[in-house]
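# Breakdown of the fold
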Protein chains: 2
Amino acid sequence: MRTAPPDADLLAVARGDAPADLVFRGGRVVNVFSGGIEQVDIAVRGDRIAGLGAGYEGAEIRELDGAFVLPGFIDAHVHIESSLVTPREFARAVVPRGTTTAVTDPHEIANVHGLEGVRYMLDDSEALPLTVFVMASSCVPATHMSTSGASLGRSDLEALARHPRVVGLAEVMNFPGVIAGAEDVLGKIEAFAGRPIDGHAPGVVGMGLNAYVAGGPQSDHECTTVDEACEKLRRGLFILIREATNARNLDALLPMLEGSALWRVALCTDDRTPPDLLDEGGIDAMVRRIIAAGVDPVDAVRLATLNAAEFFGLDDRGAIAPGRRADMIVVDDLESLTIRDVWCGGEQVVSGGRTLEWASGDSPAPPAPAMQVELHKSAFRIPAREGDIRVIEAVPDQIVTGSVTESPSVSDGEVMADPERDLLKIAAVERHRGSGRVGLGMVRGIGLRRGALAGTVAHDHHNVLVVGADDVSMRTAVEAVARAGGGLAVTLGGDVLALLELPVGGLMSRSPIAEVRRDYDSVVAAAQGLGSTLHDPFMALSFLGLEVIPALKITDMGLVDVDAFRIVDLWV
Amino acid sequence: MRTAPPDADLLAVARGDAPADLVFRGGRVVNVFSGGIEQVDIAVRGDRIAGLGAGYEGAEIRELDGAFVLPGFIDAHVHIESSLVTPREFARAVVPRGTTTAVTDPHEIANVHGLEGVRYMLDDSEALPLTVFVMASSCVPATHMSTSGASLGRSDLEALARHPRVVGLAEVMNFPGVIAGAEDVLGKIEAFAGRPIDGHAPGVVGMGLNAYVAGGPQSDHECTTVDEACEKLRRGLFILIREATNARNLDALLPMLEGSALWRVALCTDDRTPPDLLDEGGIDAMVRRIIAAGVDPVDAVRLATLNAAEFFGLDDRGAIAPGRRADMIVVDDLESLTIRDVWCGGEQVVSGGRTLEWASGDSPAPPAPAMQVELHKSAFRIPAREGDIRVIEAVPDQIVTGSVTESPSVSDGEVMADPERDLLKIAAVERHRGSGRVGLGMVRGIGLRRGALAGTVAHDHHNVLVVGADDVSMRTAVEAVARAGGGLAVTLGGDVLALLELPVGGLMSRSPIAEVRRDYDSVVAAAQGLGSTLHDPFMALSFLGLEVIPALKITDMGLVDVDAFRIVDLWV
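Predicted, not measured: the structure shown is a model, and the values here were computed from it.

On to the overall build of chain A. Check the secondary structure of chain A and you find 17 helices and 33 strands. By the compact-globule yardstick of 25 Å for 572 residues, chain A fits well, its C-alpha radius of gyration being 24 Å. A burial count over chain A gives 67% of its 572 residues as buried. Pairs at least 24 residues apart make up 70% of the contacts formed inside chain A by residues separated by at least 6 positions. A total of about 17,300 Å² of accessible surface is found on chain A, and carbon and sulfur atoms cover 47% of it.

Time to look at the state of the cysteines. All names here are of chain A. The tally for this structure, following the rule as stated, stands at zero disulfides over all chains. Left without a disulfide partner, Cys230 is nearest to the cysteine sulfur of Cys223, which lies 8.7 Å away. Judged by its relative accessible area of 25%, Cys230 falls in the partly exposed class.

Let us look at the sheet that holds strand β3 (residues 36–38) of chain B. Strand order in the open sheet formed by seven strands is β3-β2-β7-β17-β18-β19-β20 (chain B), with mixed pairing between adjacent strands. Each edge of the open sheet is held by one strand with a lone partner, namely β3 and β20 (354–355) of chain B.

What follows deals with the relation of the copies chain A and chain B. In summary, the two copies of the chain are related to each other by a rotation about an axis coupled with a shift along it. Least-squares fitting of chain A to chain B yields an RMSD of 0.0 Å, with the transformation described by 0.0 Å of translation along the axis and a rotation of 180°. Those values place the two copies in the arrangement expected of a two-fold rotation axis. It is A:Trp263 whose C-alpha, among those of chain A, lies nearest the rotation axis, at 3.8 Å. Interface overlap between copies: 100% of the residues of chain A at the interface are likewise at the interface in chain B, consistent with a symmetric, same-surface contact.

Before going further, it helps to spend a moment on helix α12 (residues 283–292) of chain B. Helical periodicity: at 3.6 residues per turn, an α-helix aligns residues three or four positions apart in one direction. All names here are of chain B. Of all the ten residues making up α12, seven are buried; the element is thus mostly covered by neighbouring parts of the structure. Taken together, the buried positions of α12 are occupied by Ile283, Asp284, Ala285, Met286, Val287, Ile290 and Ile291. Following α12 by one or two positions, Gly294 has its phi on the positive side, about 105°.

Residue and element names in this part refer to chain B. Most of strand β11 (residues 166–172) sits out of view: seven of its seven residues are buried. Relative to β11, strand β10 (residues 131–136) runs parallel, the two being bridged by three bridges. When the sheet's bridge partners are listed, Val134 is paired in β11 with Val166. Assessed by its sense of winding, the connection that carries the chain from β10 through helix α4 (residues 154–161) to β11 is right-handed.

Bringing the pattern of salt bridges into the picture now. Residues and elements named next belong to chain A. Overall, the coordinates contain 79 salt bridges over all chains when judged by the stated rule. A salt bridge links Arg248 to Glu280; its shortest N-O distance comes to 3.2 Å. Taken as a pair, Arg248 in strand β15 (residues 247–248) and Glu280 in helix α11 (residues 274–280) lie far apart in primary sequence, 32 residues in all. Here Arg325 ties to Asp327 by a salt bridge, and the two come within 3.1 Å at their closest N and O atoms. Each of the two residues, Arg325 as well as Asp327, counts as buried. Here the residues in one salt-bridge network are Glu243, Arg248, Asp251, Arg272, Asp276, Glu280 and Arg289, joined through shared partners.

Opposite the 55 residues of chain A that make contact, chain B presents 55 residues. There are six salt bridges connecting chain A and chain B. Where A:Arg264 meets B:Glu310, a salt bridge forms, and the shortest distance between an N and an O atom there is 3.2 Å. Joining chain A to chain B, the criterion identifies 23 residue pairs in polar contact (both at pLDDT 80 or more). At the level of elements, α1 (8–14), β5 (48–52), α5 (175–180), α6 (183–191), α7 (206–214), α8 (226–234), α10 (261–264) and α14 (306–311) of chain A are the ones that each hand at least two residues to the side of chain A that touches chain B.

Cut-offs and rules
- Residues numbered from 1 in each chain as written.
- Chains lettered and ligands numbered in written order.
- Predicted model: local features only at pLDDT ≥ 70, side-chain atom pairs only at ≥ 80, totals over all residues.
- Heavy atoms only, no water.
- Helix = DSSP H or I, 4+ residues; strand = E, 2+ residues; numbered from the N terminus.
- Rg over C-alpha atoms; globule rule 2.2 N^0.38 Å.
- Buried < 20%, exposed > 50% of the residue type's maximum accessible area, 1.4 Å probe, protein only.
- Contact = heavy atoms within 4.5 Å.
- Areas by Shrake-Rupley, 256 points an atom, 1.4 Å probe, with all protein chains shown as cover.
- Disulfide = S-S within 2.5 Å.
- Pairing = 2+ DSSP bridges.
- Least-squares fit on C-alpha atoms with pLDDT ≥ 70 in both.
- Right-handed = clockwise from strand over helix to strand, strands pointing away.
- Salt bridge = Lys/Arg side-chain N within 4 Å of Asp/Glu carboxyl O.
- Polar contact = N/O pair within 3.5 Å; in protein donor to acceptor, adjacent residues only side chain to side chain.

Following this line, the structure appears as C-alpha cells:
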C-alpha cells in the first residue's frame, strides 16, 4: 500500500483551523465509497484533499455551479511503450483525458534494455502530473522460445521492488509455467508475496485456472468472454477489462458489469497507439461507454478509480476523500462525461477543456540504441518441400491469432508470398545480438498486395518483424528500421515509402506525441496504399511475434504453437 | 498483505495431476466474490484449498449432500483479554462457532506488561486452529490522564511490526491527538504507512472526521448510528460493526447494510465476556441476525469473511478459492446457519456440531504478576464541600456514559454513597507502581444496594476499579483482587462473597473458559445479590475508567471529561 505520510498542516486545514489553498464550492462529488453523489465543498491543501463539507475557507475559491467532481482515473495496466512515446509525452496524451495515475509494466523496454530500460522509464516519469507506478516485469524474456535483449531474474526484480514507485509484480504471462509449478516463475512470485501480482491467463479455465490462481497471480486482463471473466472472478481474480488498440474486450464484457463485478473489476488500456490515444482516448472513453451501456455512473467511475486503487494498494488516491491526492476531474454532466477541468495533485492541468502547459524538467538520456541486425543474403528464402504449411491468421482487433493449414505457393523451388491468396511471408529477425537468426513463416490477414512492412515493436522480444509480398521489399524494410535505431517502415522494392523512427529501445520516440502520431498515420497510410485492409496493420504486426498469446506466432527461433507451448515446423 | 508462498505440490493437485488430501463433494459453495452459490467440489491439499470444480480425486472424500460451505469467519477487531482467558482458551470458544481468524489488539495486556505482554499473546496464539493476527497497540497508555503499567513508543511498535503475525496499527483511540496533529501519534501512524491502520473515533463527524481520516486511520468500529456510519463510510473509512457485550451496535446499524456497505463493512466483537461467547456466540451470531434482517446470505457472509480479509490484506483467506487457507464452515441451511462442521487449515475441528479435541502444545509462561496496591487508610474518603458534584452515569449495554450533576449526600463532613438515590462511590486505585494514587468519584446506574465490586479489568489502564456502597466493602474488594494477582471480586463489609482470579496481567485466567465462565457467573450473581440491576455489572464497571469514550470517566488521576479531554474536579 502507498499511504501519504500524515501532515500536520493538512490536518489544520481539515479541521478548519487554517485556510485551504483552494476550495471547490457548489460541486457535486461522485462518492465511490457510498455509490452516491454528494453536494459538498472540497478543501485542498498542497497536493492533497483536506476535507469535504461546508465551512471551509481558502486562499482561492472555485465555484463549480453544480458541476460534477470525479476522482482522477487510474489506468490499471498499460505498457507506455505502446504509445510510441516516452512516459512524459504519454502523460501529455492521457492527463487531459482525466487519467492521473498509470500502473505500467515496462516489459517492452525491459526486453530490450533490461534493468537499465526500466530505470529509464522510472526516471522519465518522475515528477509528472501523471503518477506512474511500475509493476516489475515478471516475464523477461517472455519465454525461452525467442531471443530478447535482456532478461530479468529474481534478484533484478527484488532490486526493482525497492523503488518507491514499484508496487508489485507485473503480468505473469508464463501461465503454463505457473500451472506447471516451474521453480523460476514461482520464485519471482514468492519474491513479491504480500504485494499485488498481476496475472495474464488468456482462455485459462477449469483446473488450469485453479492452479494458476493457487500459484499467486491475483488479476487477469485477458478475458474475452463473460463466461471466462466470471469464472476468473469466482476463483478470486480481480478482472481488468482491457480496451487496447488491438485487443478490444469492453463490448464483450459489458454484460458482466453488475452486482459483485462493480467491486472486483478495474479498467485498463494495455497497448494503445498514438491515434487511438489522441482521437478516442483511453480510460475516459471506456467509462463513457460503460455509462452509455446503462451502468450507474458512480459505479462506472468506481471501476476506473477506487477499484484499481484498492487492488494495487494505492490508499492515497482513487476517491475524493480526506488525505488523498487531489487528483480530480470536473465534468458538467455524467452522460457525455466531457472533461472540463483536470487537477493533478492540486495543480490544474486542464481548464475549460484546454490543456495547460506544465514544466516537466529535463528528460533523462535514454539507453544507447540496441540494434544489431545481420541479414544474410538469403535470409527470407523458404525452400519448398512436400506437404502443407502452417499459416498464422491475423484476427482484426484481437491479439489472438488463428492457426490454419494451407498448401504453399511454390516457384523455382521456393515458397513464395501469394497476395492473391492473402498469403504473405513473415520473418522475425533477431536484432539484439547480431546473431543473424531469422524465423520464417506465412501470415494471412495483413492484406498487402505488394511491398513490405517492418517494425521493431514486436511484443515482447522486439526483434524486427517484417511482412512482405517479396523478399527485396522485406530486406529494404528491415534495413530501414535498423538504420533508424528502430522504428516502423513501409517499403516497395528498394524504396522506403514511409518511416517512423523510434530510437529509444526501438520502441519509443522522444518527440511530442502529436508529431509521432503524424508519422504513424503516414506509415499506416503507406501500408494501406500497398493494399492492407487493416485499420492498423502495425499494431497487428506487433503482436504476431508474441508467443504467449494463442494460437500461432513467430519469433526469431521459428513458429510457436502457443497452445502446445513449443516451436513447430513451418511444414505440417 | 499476507500471501501464502506458491507451493508446487499444491499446484499439482490444483491442475489434477496429483490426488487431493481431501475432496468435498456435492456441496454448495458460498462464493463471496461473485455473490452467488456454486455447486462445485472442493479439493484440499495440506492446509490449503487447491481447486474448485468437478473431477478431483482425493485420499479422502466427504459427501456434503447439498450442505453449504462458507469461508471461516474473521473477527475484525477483538481484545482477546476481554474473554478473560488466554488466546488458546479463547480459540476453544470461538472456533466451534466458525471464527477461524481473529484480528486482535492486545492493548489490555500491553497496558500492564508492555511488549512482554504482547509477545506473550503472540506466543500463546502460535499454531492454534484459530489464526490470530495482531494489530500493534497504538495507544498505550490510552492518554496522559491515567497511569498504566507500560507504554509502547514508536520504536516498540516498529519492533512488533517485524513479527509475521503483526499486520498493522491497532485502533488509534487518541482521536483528539490525530485531529490536533500531535507529533507522537502521527509518528506511530507514519511507522505503519502502507499497512492497515484501525481507527476509533466515537461520534467524530464533520471537520473533525476529515482531519481524523486525513491523519491516517482507515477504519472505525465505534459507530452507533447509521448517519454516523454512513458519513464515515463516505469519507473512506472501512466500517467494522461491533457487537460487544457492553457495546451493541448491530441493531442500530443493520439498516446501512445495502449497496456499497456490503463491500465496505466487516464485523467485530471487540470485547465479549465468557457467558456471551459461550451462550450467544460471536461473529456467527452477528451473521445470523444480519441474514434474519433480510440481507442476502452471501452478502452477510462476505461481511464476516472477504471484506475483513481485504481490509487487512489477508490475501490467503476470506474465501473458498484456490490457494487460500482451507478454513471452512459447513452448514445445512443459510437461515439457521447452524454450524455442522468446521475446518481450520484443512484439519477438522468440529464434526456434526461436536467440537473435536485438538492439541495445542505447552502454554508459554505468562509475565510475572503486576499488582502493587498501596491503599492508604482513608483512600476512599471524600471530604464534603459546597456545591454539586459530577456523577458518572452508566448506560446499560453501552460503553459511553452520561455525565450528570447532583447534590451530594453528606454525612459527618464526608460525601457518602447513597444507594437510595443510586449514587455509589467509585474509585480507581493505581496498581502498577504502588503509588497509592486513587481517583475518586460517584457513579449512577450500577445499582448496588450494599457491598462493593472491584476488578482489575479496567480499560485500558487496568488499575483496580471499585464501586461500593461503603468504604469498608470497597477496601475488602480491592485487597481481595490484589491478593489474587488480579481478578473480579464482590464483597460485603469484611467478607469476600465471590472472586474470579485473573492472574495473567490481572486480566486473564489460564483455566478453561468453561471454568472461568462458572466463576464469572458467580461474581455476577453475587453482584446482583447485592442489588445490581445490570445483567453484567462487571462489564459495565470495566469501561467506567476508559477515558477515551465519552462522556465522564474515572482514572487514578481523577475524573475525566472526555469531550473536553481533561481532568475535571468532582465538584462543579
